[in-house]
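# Coordinate inspection notes
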Amino acid sequence: MRTSQFLISTLKEDPKEAAVESHRLMLRAGMIRQIASGVYTWLPTGMRVLSKVSRIVREEMDKTGALEIAMPMVQPADLWKESGRYTKYGPELCRFKDRKENEFALGPTHEEVVTDIARREVKSARQLPLCLYQIQNKFRDEIRPRFGVMRGREFLMKDAYSFHTTHESLEKTYQDMYDAYSRVFTRMGLEFRPVEADTGSIGGNHSHEFQALADAGEDVIAWSDGSQYAANIEMAEALAPAYDRGAPGEAYSEVATPGCHTVDEAAASLGLDSKKVLKSLIVHGPKKEDGSYELVMFCLCGNHELNEVKAIKIPGIDDPLEMATEEEIQAFTGAHTGSLGPVGFKGRIIIDRTADRMSNFACGANKTGFHLVNVNWDRDVPSYEVMDIRNVEEGDPSPDGQGTLHLRKGIEVGQVFMLGTKYSEAMKATVKDENGKDIPMIMGCYGIGVTRAIAAVIEQHHDDRGIIWPEEIAPFKVAIVAIKPTKSEPVRLAAEKLYADLQKAGVEVIYDDRDERPGVMFADMELMGVPHIVTIGDKSLANGKIEYKLRKTGDKEELDADSALDAILAKLGK
Ligand code: ATP
Ligand code: MG
């Protein structure tokens, strides 16, 4: 490809809207352009990368025996009503009506559509197992689209769905997919970890996420230094402390803490470590007949954070988790949010395992501007339930009993789920077993965020000059920069020849024939992340040399002009 025939859309200036490196570099390298919040066009440079990644995904899916299909993005609402997700999915599901007032949704995921296909097309248990996949745009009306294509509203996903008659068969396909995902992300050059994960709105009972390690990630993963344990922090269990609760001391008493709204403010006012102050939060429990909610109090050690995923899973807690409003709290306790505590609280109290070991602690007095000190469980709070409701922290013991937990940020690039029969039961997708009885198909589903994974690669592979593509997904493998070819016929001829020879050898090469200043051309090729850059200039050519630079390391080398083709092919492993 000649730059004169290509659309080079590089930007000199940093775009203001980009908060993370991948977004900044994808805009600057001319890969993508936004046309609406979270909605992007992929320009030619970006599209070349996207095609390569899609090809890797397709190859690895095909190796597992999965069959490619193309489902529509437009989905009838009736299917979503059948599965029960039409109301459950919330405003992320983009709903609309056609001219005949039929209701539709834009597919954020395709469990309903594929289950409908399976119930129509699968006639016999002998046709199973079956795994269908597609690589297709999804639409999710994300509340906060950001970081470019990392959290877009329209994005490319590979989604696969498998159907089985036995759980063992599901387990096998799950493992095949897990292995295929590992190959995909390895081929893309990603440093990633598979981690135990929550199943969220997709459902099911067993799941792993593939997390690309990067500081720009929105997820936190906990991993053990003493075992293979790794989990999304949403799932990682915080064990009960190894120590016992201390004995109660003197009776509790009330202390004025005017203007204190947070645990830290209260701790400072009381002259205590925040670990000695209880954090009390009130959330919605079950909905009552009059439409209001019962209120439930969560208590944690002051330096710990509530884990919302764990909280939602507790029976009797409203899903999605809603904090009680200031008015509800005032009406129920008579106090401001910053002065809450379990002593005298008239609702259900759930305390964290670590909070359970606190003794002689401080907490809000349920009286605005006051705290209680020397409070003790049982003696002062007779009724409570102990559960794991907090986020694990750096240094916590690993839940498998081996090693210590560490935390890292991750970008979720893929997720695999054992769904079970959630969709097949609701939508009556059945096959006959050997006794002629209808049984629901057992399902798995498997997603890769193709466009997000590309952003994740850039987060891991860049420097201050631009993107550094791993070879297999680079938009071009080799760039030829010719210096002033219009002024030097030997330069022009040498560049044209190398370009033709590389093309003949099947190498994806971009020949910068724009006749720009050398610095500009070179900067563009580095920004776009071309792995091998060859410069042809008058001076070195006069000595029979051309210059070669490896983008990744910056190492430069002089190649003999005559044998440059072979030298470059050798570097490409050809
Ligand atoms: P997240 O927790 O990041 O919102 P999710 O768990 O809802 O993602 P899945 O339903 O598991 O997403 O979808 C499969 C894959 O699609 C994800 O692993 C992720 O890589 C990708 N993906 C999901 N939402 C987005 C988005 N808004 N933009 C880009 N990719 C996305
Ligand atoms: Mg997910």
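The coordinates are above.
Now for a look at the structure at hand. (Residues numbered from 1 in each chain as written. Chains lettered and ligands numbered in written order. Predicted model: local features only at pLDDT ≥ 70, side-chain atom pairs only at ≥ 80, totals over all residues. Heavy atoms only, no water.)

### Topic: the environment of Ala-222
Looking at the secondary structure, you find Ala-222 in strand β11 (residues 219–224). Considered as a pair, Ala-222 and Arg-151 are 71 residues apart in the sequence and their alpha carbons are 22 Å apart. Not counting chain neighbours up to four residues away, the residues in contact with Ala-222 comprise Tyr-229, Ala-230, Ala-231, Ala-236, Val-392, Leu-405, His-406 and Leu-407. (Helix = DSSP H or I, 4+ residues; strand = E, 2+ residues; numbered from the N terminus. Contact = heavy atoms within 4.5 Å.)

### Looking at the sheet that holds strand β18 (residues 370–375)
Within a sheet, neighbouring strands are paired by backbone hydrogen bonds and run either parallel or antiparallel to one another. Across the sheet, which stays open at both edges, the three strands sit in the order β13-β18-β17 with antiparallel pairing between neighbours. At either margin of the open sheet sits one strand with a lone partner, and together these are β13 (253–256) and β17 (361–364). Shown here is a sheet whose adjacent strand axes are inclined to one another by a mean of 30 degrees, direction ignored. One ladder, built from four bridges, connects β13 with β18; its direction is antiparallel. Looking at β18, one finds that Ser-253 is bridged to Val-373. Sheet strands in contact with helix α7 (residues 263–270) are β13, β17 and β18, and its direction is about 70 degrees off that of β18. (Pairing = 2+ DSSP bridges. Axes fitted to C-alpha atoms, helices over the stretch in contact; angles between N-to-C directions.)

### Description of the packing of aromatic side chains
Tallying each qualifying case throughout the model produces 13 aromatic pairs. Taken together, a centroid distance of 5.0 Å and an interplanar angle of 45 degrees make the contact between Phe-361 and Trp-377 tilted. Remark: Trp-377 occurs in the loop between β18 and β19 (385–387) and Phe-361 occurs in strand β17; sequence separation between them is 16 residues. Neither Phe-361 nor Trp-377 differs from the other in exposure class; each is buried. Relative to Tyr-511, the ring of Tyr-499 lies with its centre 5.3 Å away and its plane at 45 degrees, an arrangement referred to as tilted. Remark: Tyr-511 occurs in strand β27 (residues 509–512) and Tyr-499 occurs in helix α12 (residues 489–504); sequence separation between them is twelve residues. Each of the two residues, Tyr-499 as well as Tyr-511, counts as buried. The structure contains a cluster of three or more aromatic residues connected by ring pairs, namely Tyr-178, Tyr-181, Phe-185, Phe-192 and Phe-210. Over the aromatic face of Tyr-86 sits the side chain of Arg-95, whose NZ or CZ is 4.7 Å from the ring centroid. Just above the ring of Phe-370 sits the side chain of Lys-367; from NZ or CZ to the centre is 4.4 Å. (Phe/Tyr/Trp six-rings, centres within 6.5 Å; stacked < 30°, edge-to-face > 60°. Buried < 20%, exposed > 50% of the residue type's maximum accessible area, 1.4 Å probe, protein only. Lys NZ or Arg CZ within 6 Å of the ring centre and 35° of its normal.)

### Comments concerning the coordination of the magnesium ion (ligand 2)
Note on the magnesium ion (ligand 2): its protein donors are Glu-412 (OE) and Gln-415 (OE1). The metal-donor distances range over 1.9 to 2.2 Å. Residue Glu-412 is classed as partly exposed on the basis of its relative accessible area, which comes to 23%. Since its relative accessible area comes to 10%, Gln-415 is described here as buried. (Donors = N, O, S within 2.8 Å, 3.2 Å for Na, K, Ca; no water.)

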